Amino acid sequence: MKDRRQPAVLVFAANDPSCGAGLGADILTLASMDCLPLPIVTGITVQNTSGVEGLLATDADWVADQARAILEDIPIAAFKIGVLASSDNVSSIAEVVADYPEIPLILDPIFMSGRGDELAGDETWSSIRELLVPQSTVITPNVPEPLRLAGEEDADSDTDEEGLAMRLVGAGAEFVLVTGTHAPTADVANTLYGERGKIRTDRWLRLPGSYHGSGCTLASALAACIARGMDIEEAVREAQEFTWQSLNAGFRPGMGQFIPD
C-alpha cells in the first residue's frame, strides 16, 4: 500500500453545517491544497448561509483529548485556530499548543459571523489575547478585530490599524495579517505586519455579493502554505490568491450568502 505523506494541519474550530465556514471550510481548503486536515471540534453551531442561530461549546477536556490523541500519533506541520466557543476551550488549547512551540500556529480570531452574530464574549477574547496571541506565528484579523484583540473594543473607529497590529506583535505574535474585507473601500487591501512594521500590502478587486467563510478559507490556506514550507511572504501571497479565486468561483447553495468554491 502506498505510504503518502501530506503535510498535516491540526485545526481547532466549530462545525458549520452549511460548510461555508468553520471546520467544513477548513477541511475543503486544506485538502484542496494537498494537506491532511485533522479537525478538532470546539463547538457545534446552528447556522446556515444566512446566519448563526446558536453555538454550543464542546467540553474543554474533550477538546484537549481530541488534540492529544492525534498529536501522539501523527506528525503535525501547523496548527490553525478558528472559533473556540468558550474561554475554557481557549485555556485548554493554549496548554496543548504550548507543548509544541516549534509548530507554526495560525490564529483566525473570529468574534462574529458575517451577518454580525456574536461568536465570542469578552471573557473568551481576554483569554485569546493573554494565552494564544503570544504563541501565534500569524494572526489574521479583519479590520474591526485588532481592536478587540488589543483590548480596545470601545476605541474610536479611526484607531490606527498599524499601531494596533504592532501591539499584537509586541504581545508575542510574529506576524499580523489585517484583512480589508470589512473596510468600505473599492478594493480589498490586506496588510502584513512584523516586528519591523509594515511588510507588504496586497490589493484585490472587491467581488460583488456577500460571502460566508472567506476568513476561514484564507487562514486555512495560509496554514497549508506554511505547512508546505513556504516563507511567510510567499505563503501570505499564495493564500490570498487561493482565497480570491475560491470567492470568484463562489456559489450560492441556499437563500443566504455565497460560499467559496
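That block above? That's the structure.
Residues numbered from 1 in each chain as written. Predicted model: local features only at pLDDT ≥ 70, side-chain atom pairs only at ≥ 80, totals over all residues. Heavy atoms only, no water.

Draft legend 1. Representation of the overall build of the protein chain. Broken down by element type, the protein chain carries eight helices and nine strands. Residues counted as buried form 52% of the 261 residues belonging to the protein chain. For the protein chain, restricting intrachain contacts to residue pairs at least 6 apart in sequence, the fraction spanning at least 24 positions comes to 67%. Entry remark: accessible area of the protein chain is about 11,900 Å², with carbon and sulfur atoms responsible for 50%. (Helix = DSSP H or I, 4+ residues; strand = E, 2+ residues; numbered from the N terminus. Buried < 20%, exposed > 50% of the residue type's maximum accessible area, 1.4 Å probe, protein only. Contact = heavy atoms within 4.5 Å. Areas by Shrake-Rupley, 256 points an atom, 1.4 Å probe, with all protein chains shown as cover.)

Draft legend 2. Up close: the environment of Thr-185. With respect to the element layout, Thr-185 can be found in the loop between strand E7 (175-178) and strand E8 (187-194). For the pair Thr-185 and Arg-206, spaced 21 residues apart in sequence, the C-alpha separation works out to 8.4 Å. A polar atom in the side chain of Thr-185 sits 2.5 Å from the backbone oxygen of Asp-187. (Polar contact = N/O pair within 3.5 Å; in protein donor to acceptor, adjacent residues only side chain to side chain.)

Draft legend 3. Up close: the layout of surface pockets. Considered as a void within the structure, the second largest pocket measures approximately 220 Å³ in volume. In terms of lining residues, the second largest pocket is bounded by 14 residues, among which Val-143, Glu-161, Ala-183, Thr-185 and Ala-189 are the most central. Those elements giving two or more residues to the lining of the second largest pocket turn out to be helix H6 (161-170), E8 and strand E9 (197-205). For the lining of the second largest pocket, the element with the most residues is E8, which contributes four residues. Among the residues forming the lining of the second largest pocket, the class breakdown is five nonpolar, four polar and five charged. (1 Å grid on protein atoms, 1.4 Å probe; cavity = no way out; pocket = protein on both sides within 12 Å on 5 of 7 lines; lining within 4 Å. Points joined across faces, edges and corners; volume = space filled by probe spheres on them. Nonpolar A, V, L, I, M, F, W, Y, C, P; charged D, E, K, R; others polar.)

Draft legend 4. Region of the structure containing unusual backbone geometry. Although it is not a glycine, Asp-34 adopts a positive phi angle of roughly 60°. Position of Asp-34 relative to the elements: it lies in the loop between helix H1 (22-32) and strand E2 (36-48). Judged by relative accessible area, which is 38%, Asp-34 ranks as partly exposed. For Ala-85, which is not a glycine, the phi torsion comes out positive at approximately 75°. By the element assignment, Ala-85 lies in the loop between strand E4 (78-81) and helix H3 (87-98).

Draft legend 5. A look at the nonpolar core. One finds Leu-10, Phe-12, Phe-79, Ile-81, Ile-93, Leu-107 and Leu-132 to be the most contacted residues of the largest nonpolar core, which totals 34 residues. Among the elements that line this core, the one with the most residues is H3, at five residues. Beyond its immediate chain neighbours, meaning those up to four positions away, Leu-107 contacts Ile-81, Ile-128, Leu-132, Val-133, Ser-136, Val-138, Ile-139 and Thr-140. One finds Cys-35, Leu-192, Ala-221 and Cys-225 within the second-largest nonpolar core, a separate group that totals 27 residues. (Core = buried A, V, L, I, M, F, W, Y, C linked by side-chain atoms within 4.5 Å.)

Draft legend 6. Looking closely at the pattern of salt bridges. Per the counting criterion, the structure on display carries six salt bridges. Arg-200 is the salt-bridge partner of Glu-233, the closest N and O atoms lying 3.6 Å from each other. Taken together, the residues span a long stretch of sequence, with Glu-233 in helix H8 (residues 232-248) and Arg-200 in strand E9 at a distance of 33 residues. A residue is classified by how much of its surface remains accessible, and Glu-233, at 36% relative accessible area, is partly exposed. A salt bridge links Asp-202 to Arg-237, with the shortest nitrogen-to-oxygen separation between them at 3.0 Å. Of this pair, Asp-202 sits in strand E9 while Arg-237 sits in helix H8, and the two are 35 residues apart along the sequence. With relative accessibility at 4%, the residue Asp-202 sits in the buried group. The exposure class assigned to Arg-237 is partly exposed, which follows from its relative accessible area of 36%. Overlapping salt bridges bring together Arg-200, Asp-202, Glu-233 and Arg-237 as one network. (Salt bridge = Lys/Arg side-chain N within 4 Å of Asp/Glu carboxyl O.)

Draft legend 7. The arrangement of the pairing of E2 in detail. Relative to E2, strand E1 (residues 8-15) runs parallel, the two being bridged by eight bridges. For Leu-10, the partnering residue across the bridge sits in E2 and is Leu-38. The pairing of E2 with strand E3 (residues 51-57) spans six bridges and is antiparallel. If you follow Ile-44 over to E3, its bridge partner there is Leu-56. In sequence, E2 turns back onto E3 through a hairpin of two residues. (Pairing = 2+ DSSP bridges.)

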